[in-house]
Amino acid sequence: MRGERFVGLAAVFRRELGSYFSSPLGYIFLVIFLLASGYLTLSRDFGRFLELRQASLDPFFQYIPWLFVVLVPAVAMRLWAEERKSGTVELLLSLPVTLPGAYLGKFLAGWAFLGIALVLTWPVVYQVARLGDPDWGPIFTGYLACGLAAAAFLAVGLFFSALTQNQVVAFILGVAASVVFLLLGLPQSQQTVGQYFGGYTEELVTALSLVDHFSTLTRGLLSLGSVLFFVLFTVGWLLAGMLVLERTKAQ
Amino acid sequence: MEEPRQDSVETLVEVRDLTKHFGPIQAVDGISFSLRRGDVLGFLGPNGAGKTTAMKMITGFLEPDHGTVRVAGFEVAEDSLAVRRQIGYLPENAPAYGEMTVTGFLTFVARLRRLPDLSAAVDRAIGRTGLEGVREQSIETLSKGFKRRVGLAQALIHDPAVLILDEPTDGLDPNQKAVVHQLIGELAADTAIILSTHILEEVERVCNRAIVVSRGKILEDSTPAELIARTGNLTDTFRQITQGVAA
């Protein structure tokens, strides 16, 4: 292989990113994401952005992981499941590409698409800057947290897309797994685990909690540990997905 | 018929003792053969004989349990990418990304193959397969015959040394078959072609070699003419070989 590990990445990336915009799915996703994130930010029952009268994006960032739980698996589900269902995986992986190249190309395309979705939330940034004098640190780390969380959930979704030929199954499994990782972040579940298993398990669950690392960053704390958590989480799921695809591609 | 020369440049495909099983099923069981430039090999056998699995191993999509494949001097196990660059492959049912246009899809393949001039390569492949009229149509809206031609265009876009075609005419009407046969005939001189089929007339028409496979083993490695001579027609010979039915 010798430096040829990611052959085909760029071409696969380009095709996949383009295909989000060649079907209605991509646009539907963007509209739903922007409406939902806007609603959650402004609603009196959720973010209470206006009532809080603070030049902070906390009401916006706070609900992003919960939106991602449902929406990111929708971005991920077709990436491999569709290739395997239609048989194009056989064509793709017989072309001069490596499996890691194709896999990462798809991952990065999905991530870039989610990045576009995040960039399109700029009006909320514009509004806090217009209405007040925000602290830019938490806004920067908050968007970083959103990007990292998107990568993490996307890696989970991609894993399940590689596991099954059925997009709907990939979506449901992706949502279920993502919900589990989010629930680990609730104080109730951390306490429950601590009570049942005792010892340091409560701390362990807290350390593995996506939400805790996410809110560390949105509070403006550029914690290396939290960034590393997301990176390792993502890389782990990507590697697992490649192993799965290697086994399932021929079925 | 001339004698096979031991000229390594002209030997484009060399398969030795290729073996693959899936669980308890022995899909391919010790297949060996070699092909020279100009050979058009008909890969014959009943459904489930292991033809597709063998082809997938030659293209590098599947890893063999053991055995070796050399394509144009490159070993699949050692340099799978170099082998893939030499091969054009039409998988069974000619899968393609349905939402893409013909031009978009071929451009993607040309880009993956790092061809120097993408649009020239795409235009040429479209010209050779007669896709000019549908080039901006999305692939999912095309008829079966056109879809198959898109698959062929994708397989020959980089002028490969070796073409591997898995049932290239399956489900096509006689006119569409004739188009594909003619194309294979045009490509035959410069390449080595492996085509799997269970349409026996196809072998008679386009192939100069024939291998009969059943249950993963090669039962016969010969020429179509020789197989026909044995019983008077290819169908009887095929049935005799694969089932042991006396003619």
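Each value, and the rule that gives it
- Residues numbered from 1 in each chain as written.
- Chains lettered and ligands numbered in written order.
- Predicted model: local features only at pLDDT ≥ 70, side-chain atom pairs only at ≥ 80, totals over all residues.
- Helix = DSSP H or I, 4+ residues; strand = E, 2+ residues; numbered from the N terminus.
- Rg over C-alpha atoms; globule rule 2.2 N^0.38 Å.
- Buried ≥ 20, exposed ≤ 12 C-beta atoms within 10 Å, placed from the backbone.
- Contact = placed C-beta atoms within 7 Å.
- Pairing = 2+ DSSP bridges.
- Axes fitted to C-alpha atoms, helices over the stretch in contact; angles between N-to-C directions.
- pLDDT = per-residue confidence, 0-100.
- Nonpolar A, V, L, I, M, F, W, Y, C, P; charged D, E, K, R; others polar.

Draft legend 1. Fine view of the overall build of chain B. Looking only at helices and strands, chain B features nine helices and 10 strands. Compactness check: chain B gives a C-alpha radius of gyration of 18 Å against a globular reference of 18 Å for 247 residues, within 12% of the reference. Looking at the 247 residues of chain B, the share that counts as buried comes to 49%. For chain B, the share of sequence-separated contacts (at least 6 apart) that also reach a separation of at least 24 residues comes to 66%.

Draft legend 2. Region of interest: the sheet that holds strand 5 (residues 74-75) of chain B. All names here are of chain B. With respect to topology, four strands assemble into an open sheet ordered 2-1-4-5, the strand pairing being antiparallel. Two strands close off the open sheet at either side, each with one partner strand: strand 2 (25-36) and strand 5. With nine bridges connecting them, strand 1 (residues 11-22) and strand 2 associate as antiparallel partners. The residue bridging His-21 from the neighbouring strand is Gln-26, located in strand 2. Packed onto the sheet, helix 1 (residues 51-58) meets strand 1, strand 2 and strand 4 (66-71) and runs at close to 120 degrees relative to strand 1.

Draft legend 3. Broad picture of the confidence of the model for chain A. Taken residue by residue, chain A gives an average pLDDT of 91. The fraction at 70 or more is 99%. Predicted confidence in chain A is weakest over helix 3 (residues 49-52) of chain A, with a mean pLDDT of 78, and strongest over helix 7 (residues 99-119) of chain A, with 97.

Draft legend 4. Seen up close, the interface of chain A and chain B. Residue-level contacts link 19 residues of chain A with 19 residues of chain B. When contributions to the side of chain A that touches chain B are tallied by element, the ones reaching two or more residues are helix 1 (9-21) and helix 6 (88-92) of chain A. Tallied by class, residues from the side of chain A that touches chain B come to eight nonpolar, eight polar and three charged.

Draft legend 5. Highlighting the pairing of strand 1 of chain B. Residue and element names in this part refer to chain B. Turn length for the strand 1-strand 2 hairpin, with the two strands adjacent in sequence and antiparallel, is two residues, and the turn residue Gly-23 shows positive phi of about 60 degrees. Pairing between strand 1 and strand 4: five bridges, direction antiparallel. Note on strand 4: the bridge partner recorded for Arg-16 is Thr-68.

Draft legend 6. Main features of unusual backbone geometry. Residue and element names in this part refer to chain B. With a phi close to 55 degrees, Asp-17 is a non-glycine residue in the positive phi region. Among the structural elements, Asp-17 can be located in strand 1. For Asp-17, a count of 12 C-beta atoms within 10 Å gives the class exposed. Phi is positive for Ala-72, which is not a glycine, with a value near 50 degrees. Its location among the elements puts Ala-72 in the loop between strand 4 and strand 5. Accessibility expressed as a C-beta count within 10 Å gives 20 for Ala-72, which makes it buried.

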